[in-house]
Amino acid sequence: MADIPVVPAATPRARVRVPLHFADGYRADAELVTFHGLTDGQEHVAVVLGEPGPVPLVRLHSECLTGDVFGSARCDCGPQLREAVERIADRGGVLLYLRQEGRGIGLYNKLDAYALQDQGLDTYAANAALGLPEDARDYTAAAQMLTALGIGSLDLLSNNPDKAGQLRTLGLDVRDRVPTGVFSTPHNVRYLRAKALQTQHTLPLAELAERSAG
């Protein structure tokens, strides 16, 4: 068994209650937690929802300005965020909102990659053409945040096996990986297919192929 990396401890910095209200009318009460000592120096935030139990439901949600704020149909981030808040609130758990725009490459680079996708490249090939990693995200800070909140065992709400793998490597007990819904549009179906094919996301490939062909 590989040695678990030694990760410096983070500590909660502040906690504040924030009522959430989504455009479709859904509301939830949340506690937002900020942290001292995160290794990457970013201002990540934990959104605590419901009453977390011994094995809470957790989502690591990477920031997506275009999807989360502007409702871009080129990805599934906004619908995943909305779904995650309700599912976590119902069960009790934490959503970590991570400042990792564009799978860690930043907003400007992500928009440059979009331009290349318009020329026919998939999302991963576009990153590579820019000389960037397919996925630059590191979840060390997420592990720090969960540990600071007293969470050592969790169910992970994610289609991405890399998230579960990184958390386990960092010493967390990911008991189960719970798939999110499939939020396909005519604008993002190629993107979703690329995630299923390139990075083994838990998505129905046959169904996405049919939608892409249609």
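This write-up is about the structure you can find in this document. Computed from a predicted model, the values in this text were never measured in an experiment.

Taken together, the side chains of L65, V69 and F70 present a nonpolar region at the surface, about 310 Å² in accessible area. Relative to the elements of secondary structure, L65 occurs in helix 1 (residues 65-69). Of the residues examined, L65 reaches a relative accessible area of 31% and is grouped as partly exposed.

Before going further, it helps to spend a moment on the nonpolar core. Core analysis: the biggest nonpolar cluster contains 25 residues, and L60, L96, L146, L154, L156 and L167 have the highest contact counts within it. Among the elements of the structure, strand 2 (27-36), strand 3 (45-49), strand 4 (57-62), strand 5 (93-98), helix 5 (140-148), strand 6 (153-157) and helix 6 (161-169) are those that each provide at least two residues to this core. For this core, the leading source of residues is helix 5, giving 5 residues. Excluding its chain neighbours within four sequence positions, the residues that come into contact with L96 are V45, A46, R59, L60, H61, A142, M145 and L146. One finds A28, L95, Y97 and L157 within the second-largest nonpolar core, a separate group that totals 16 residues.

Bringing the packing of aromatic side chains into the picture now. Counting across every chain of the model gives 1 aromatic pair. With 6.2 Å between their ring centres and 40° between their planes, F22 and Y26 make a pair best called tilted. Between R82 and the ring centre of F22, over which it is positioned, the NZ or CZ distance is 5.6 Å.

Another point: helix 3 (residues 107-117). Along helix 3, the residues that are buried comprise K110, A113, Y114, L116 and Q117. With its buried residues spanning 160° around the axis, helix 3 presents them on a single face.

Counting across every chain of the model gives 0 disulfides. Cysteine C75 remains unbridged, with the sulfur of C77 as its closest cysteine sulfur at 3.5 Å. On the basis of relative accessible area, C75 is assigned to the buried category, the value being 5%.

On the secondary structure map, E31 appears in strand 2. Spatially, the C-alpha atom of E31 lies 6.0 Å from that of V18, the residues being 13 residues apart in sequence. Apart from the residues lying within four places of it in its own chain, the contact partners of E31 are R15, V16, R17, A46, V47 and V48. In this structure the side chain of E31 is engaged in a polar contact, spanning 3.3 Å, whose partner is the side chain of R15.

For the rest of this paragraph, the subject is unusual backbone geometry. The backbone of R103 sits at a positive phi, close to 55°, despite the residue not being glycine. Relative to the elements of secondary structure, R103 occurs in the loop between strand 5 and helix 3.

Cut-offs used in this document
- Residues numbered from 1 in each chain as written.
- Predicted model: local features only at pLDDT ≥ 70, side-chain atom pairs only at ≥ 80, totals over all residues.
- Heavy atoms only, no water.
- Patch = residues over 30% accessible without salt bridge, like charges linked within 9 Å, V, L, I, M, F, W, Y side chains within 5 Å.
- Areas by Shrake-Rupley, 256 points an atom, 1.4 Å probe, with all protein chains shown as cover.
- Salt bridge = Lys/Arg side-chain N within 4 Å of Asp/Glu carboxyl O.
- Helix = DSSP H or I, 4+ residues; strand = E, 2+ residues; numbered from the N terminus.
- Buried < 20%, exposed > 50% of the residue type's maximum accessible area, 1.4 Å probe, protein only.
- Core = buried A, V, L, I, M, F, W, Y, C linked by side-chain atoms within 4.5 Å.
- Contact = heavy atoms within 4.5 Å.
- Phe/Tyr/Trp six-rings, centres within 6.5 Å; stacked < 30°, edge-to-face > 60°.
- Lys NZ or Arg CZ within 6 Å of the ring centre and 35° of its normal.
- Arc of directions from axis to C-beta.
- Disulfide = S-S within 2.5 Å.
- Polar contact = N/O pair within 3.5 Å; in protein donor to acceptor, adjacent residues only side chain to side chain.

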